[in-house]
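# What the coordinates show
Here is how the chains run, residue by residue.
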Amino acid sequence: MKHEQAAKRVAELVDEINKHRRAYYSQDSVLISDAEYDALMRELELLEAEHPDLITGDSPTQTVGGEATATFSPVQHLDRMWSLDNVFSREEMAAWIAKTGTGPFLCELKIDGLAINLRYENGKLVSAATRGDGVVGEDVTANVLTIKSIPRELAGKGHPPVVEIRGEIYLPVKEFREMNERINEEGGKAFANPRNAASGSLRQKDSSVTASRPLRMLVHGIGAWADAPLTNQSELYELLKSWGLPTSERYKVVASAEEVQAYIDNFETHRHDLEHEIDGVVVKVDALAEQAELGFTSRAPRWAIAYKYPPEQVHTKLLDIRVSVGRTGRATPYAVVEPVKVAGSVVEFATLHNQDVVKAKGILIGDTIVLRKAGDVIPEILGPVIELRDGSEKAFVMPKNCPDCGAPLRQESEGDIDLRCSNNQSCPAQLRERIAYIGSRGVLDIEALGEVAADALTRSGEHPAILTSEASIFDLTLDKLTDDLFKKKDGTPSETALKLLRNLEEAKSRPLWRVLTALGIRHVGPVAARSLTNHFGSLDAIFAASEEELSQVEGVGATLASSIKDWISIDWHREIIESWRKAGVVLAIEGHAGPGAAVVADGKFSGLTIVATGSLKQFTREGIEEAIISNGGKAAGSVSKKTSFVVAGENAGSKLAKAEELGIEVIDEDEFVRRLNA
């Protein structure tokens, strides 16, 4: 880039970044995502590196990111508060370590909160201030005094005459969500994320409002302390802990670059198991003498760096809100967004659950929205960026009729939030989803019957749909598979068609619990289906049983029993069973002695409740559940005092921690296989 072009772009970037800084630090507003902000900063840094003469005093690369406002009295820090420089890759992290020294290094979590400076004199808290521009912050002492985890007087003895304690104010994730729900119920403006909520809560004029918010703090360093009798950062943390200050248990001192990266990788995997949000890891030189020798740049210490994880919150446009209809007829709004990359994949759609959720989130079609995708979790819209509205946005209105078949959308009962399509039997959307459900891995496991094949079997156009009911799915032949998906260009059957028919034939002899699950009865999933089929032994016996008899089966209960009786009372449902029976589907367990005679009463895991967690090498999640249940055990989804043992694979998270907390036996996959084969 030529110098003249660079000068113009630098000026634009300085103005743009400073605008976002003012919004972020002074107005508790986020106009762009962290990823977009980081990209602007990196572009500015590169341009200034190429053209040093363009660096100005107001450049964000030369200043700490905030300023005191007129809302609170200004407080001058005794020792300057700094920002941190960032790295975004393993290579950049390794380069920083190589340039900085050989260690040891202290690694700690980078909490996504609000920096705070506490001044203690002779062990008593005399002031609390935000970072501001690093030199002058805002006096929030009255509000900080409402935070229970911050001591007004330090424990122990021998405190220095004056010491500044630095830390991060944050809101725990669970409490943040509960607080936002209350704000929504009261008709207020919910916070976009925990960081904004922490900042907004701390910077309240009325301290009673701050007191009502569940704020927490964790310490991450000190400012002014004359002649501190310490040699390293980790020693400092232990001393601060002894004074009663809230310190993290998750910091770690390591000796090498490999250990630094291992710490970073571990918490990238487990970041969602934490009680607070993080956006990375901070790595510091542990020795205080080396910190002093390395010194500072104009805005950041040279002895510390922040490794930023890939962003999981981004901003994008909400282009539309549409409605899809599922296999049970439930009408679900979903968001169509401007495609955006988040957490490693491109997102175009996000679920909105129901019309009440749309209202609670306060989003309008056309809004710039905050989108979150945590790990492998379904993308979620957190809320709108209200400051960016221009008046062209419009509210979503839930349709009164099914978008696929035109039938009325109705609530099944008073107080039911969900609307459902009333055309259960013939709605193309419901049938398509039911067919795909039958083929799914956890049901009949028909490999060739995925969403694409289900769509081809149920769509109509120039020709009638191949399937108009799941009753005839096992009656399919090559002659009936007329869609292009099932034919080659020369008109002969495609491999998909041949494979589908082979898979359907194999599915006729699947375990009975899978057949019961495939019927799609409301509330009857794999766990309940296994209990019912093991108890009764056949579909005929299940449907002949009374509600009382059904509800007495372990894991069933009154609601599920009522759902089974309601389902079988409908004519076209009974036709499905009879059609499958005629096609040769096995509807009974061979050798079962009748109701109450469970076929796995003496199985290897009889009477045991087992939880599997983490990544397993020899089993899929469905596979290990099958192994547990077919051997008499109960495959549970959560750990409790009733859990017999936990099978933990790689990257086991909160379930493993819960098991250890409760003192429940934890085994690895190899030990599970040994017990299975014993």
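Here goes a summary of the coordinates provided.

The rules we used
Residues numbered from 1 in each chain as written. Predicted model: local features only at pLDDT ≥ 70, side-chain atom pairs only at ≥ 80, totals over all residues. Heavy atoms only, no water. Helix = DSSP H or I, 4+ residues; strand = E, 2+ residues; numbered from the N terminus. Buried < 20%, exposed > 50% of the residue type's maximum accessible area, 1.4 Å probe, protein only. Contact = heavy atoms within 4.5 Å. Pairing = 2+ DSSP bridges. Axes fitted to C-alpha atoms, helices over the stretch in contact; angles between N-to-C directions. Arc of directions from axis to C-beta. Parallel < 35°, antiparallel > 145°, perpendicular 65-115°, else oblique. Left-handed = near helix turned anticlockwise from the far one by under 90°. Nonpolar A, V, L, I, M, F, W, Y, C, P; charged D, E, K, R; others polar. Salt bridge = Lys/Arg side-chain N within 4 Å of Asp/Glu carboxyl O. Phe/Tyr/Trp six-rings, centres within 6.5 Å; stacked < 30°, edge-to-face > 60°. Lys NZ or Arg CZ within 6 Å of the ring centre and 35° of its normal. Right-handed = clockwise from strand over helix to strand, strands pointing away.

### So, the side chain of Arg-271
For Arg-271, the position within the fold is in the loop between helix H9 (257–270) and strand S10 (278–285). Taking the relative accessible area as the measure of exposure, Arg-271 reaches 11% and is therefore buried. Residue contacts for Arg-271: discarding those within four places in its chain leaves His-276, Ile-278, Asp-279, Tyr-309, Pro-310 and Glu-312.

### Some remarks on the sheet that holds strand S19 (residues 609–613)
One open sheet holds the 4 strands; their spatial order is S20-S19-S21-S22, and the pairing between them is parallel. Both outer strands of the open sheet, strand S20 (634–636) and strand S22 (665–667), are each paired with one neighbouring strand and no more. Ignoring which end each strand starts from, the neighbouring axes of this sheet average 30° apart. Relative to S20, S19 runs parallel, the two being bridged by 3 bridges. Among the inter-strand pairings, Thr-609 is bridged to a residue of S20, identified as Lys-634. Of the strands in this sheet, S19, strand S21 (645–648) and S22 are in contact with helix H22 (residues 654–662), which crosses S19 at around 135°.

### Observations regarding helix H23 (residues 669–677)
One turn of an α-helix holds 3.6 residues; hence residues three or four places apart share an orientation. For H23, the full list of buried residues reads Glu-669, Phe-672, Val-673 and Leu-676. The buried side chains of H23 occupy one side of the element, clustering within an arc of 100° when seen end-on. Away from the buried face of H23 by more than 90 degrees, exposed residues Asp-670 and Arg-674 are located. Where H23 is buried, its residues meet helix H21 (621–630), S21 and S22.

### Examining the sheet that holds strand S3 (residues 105–111)
Across the sheet, 5 strands lie side by side as S2-S11-S10-S3-S9; this open sheet has mixed pairing. One side of each edge strand has no neighbouring strand; the edge strands of this open sheet are strand S2 (86–87) and strand S9 (252–254). Direction of pairing for S10 relative to strand S11 (residues 304–308): antiparallel, over a ladder of 5 bridges. Within S11, the residue paired with Gly-280 across the bridge is Lys-308.

### Looking at the packing of helix H12 (residues 428–439) against helix H13 (residues 451–458)
Contact pair H12 / H13: the axes reach a minimum separation of 8 Å and the direction vectors enclose 135°. Judged by the angle between their axes, H12 and H13 are oblique. The two elements H12 and H13 meet at a crossing, and its hand is right-handed. Each of Leu-431, Arg-432, Ile-435 and Ala-436 in H12 lies in contact with H13, whose residues at this interface are Glu-451, Ala-454, Asp-455, Leu-457 and Thr-458. Residues that form the contact of H12 with H13 fall into these classes: 5 nonpolar, 1 polar and 3 charged.

### Observations concerning the pattern of salt bridges
For the coordinates displayed, the defined rule picks out 33 salt bridges. For Arg-166, the salt bridge goes to Glu-164, with nearest N and O atoms at 3.4 Å. Of the residues examined, Arg-166 reaches a relative accessible area of 7% and is grouped as buried. Overall, Glu-164 belongs to the buried group, its relative accessible area being 0%. Linking Asp-418 and Arg-420 is a salt bridge whose minimum nitrogen-to-oxygen distance equals 4.0 Å.

### What about helix H3 (residues 90–100)?
By the burial criterion, the buried members of H3 are Met-93, Trp-96, Ile-97 and Thr-100. Seen along its axis, H3 keeps its buried residues to an arc of 95°; they face one direction. Set apart from the buried face of H3 by more than 90 degrees, the exposed residues are Glu-91, Ala-98 and Lys-99. On its buried side, H3 packs onto S2, S3, H9, S10, helix H10 (288–294) and S11.

### Some words on the packing of aromatic side chains
What the rule picks out here adds up to 13 aromatic pairs. Pairing Tyr-237 with Tyr-251 gives two aromatic rings, centres 5.2 Å apart and planes at 75°, and the pair type is edge-to-face. Residue Tyr-237 is located in helix H8 (residues 233–242), and its partner Tyr-251 is located in the loop between H8 and S9; the two are separated by 14 residues in the primary sequence. By the burial criterion, Tyr-237 is buried, and Tyr-251 matches it. With 5.6 Å between their ring centres and 80° between their planes, Phe-619 and Phe-672 make a pair best called edge-to-face. Residue Phe-619 is located in the loop between S19 and H21, and its partner Phe-672 is located in helix H23; the two are separated by 53 residues in the primary sequence. Neither residue differs from the other here; Phe-619 and Phe-672 are each classed as buried. Linked through ring pairs, Phe-605, Phe-619, Phe-645 and Phe-672 together constitute an aromatic cluster. Here the guanidinium or amino end of Arg-80 rests over the ring plane of Trp-82, the centre of that ring lying 4.4 Å away.

### What to know about the environment of Cys-402
Within the secondary structure, Cys-402 is located in the loop between strand S16 (380–384) and strand S17 (409–410). We classify Cys-402 as buried; its relative accessible area is 4%.

### Side note on the environment of Ala-211
With respect to the element layout, Ala-211 can be found in helix H7 (residues 207–211). For Ala-211 and Val-10, which are 201 residues apart along the polypeptide, the C-alpha to C-alpha distance reads 43 Å.

### Here we look at the pairing of S21
A regular strand places its side chains so that they alternate between the two faces of the sheet. Residue alternation in S21 divides its side chains into two sets, Phe-645 and Val-647 and Val-646 and Ala-648, and both sets are buried. Taken together, the 4 bridges between S19 and S21 define a ladder with parallel strand orientation. When the sheet's bridge partners are listed, Ile-610 is paired in S21 with Phe-645. Pairing analysis gives 3 bridges linking S21 to S22, with the strands arranged parallel. Residue pairing in the sheet places Phe-645 in a bridge with Glu-665 of S22. Of the crossover connections in this fold, the one passing from S21 over H22 to the parallel S22 is right-handed.

### Focus: the pairing of S11
The element S11 is largely enclosed, with a buried count of 5 among its 5 residues. Here S11 shows a buried face lined by Ala-304, Ala-306 and Lys-308 and a second buried face lined by Ile-305 and Tyr-307. Bridge analysis of S2 against S11 gives 2 bridges, and the strand direction is parallel. Residue Asn-86 lies in a different strand from S11, and its bridge partner there is Ala-306.

Don't take any of this as a statement about function, it's just geometry.
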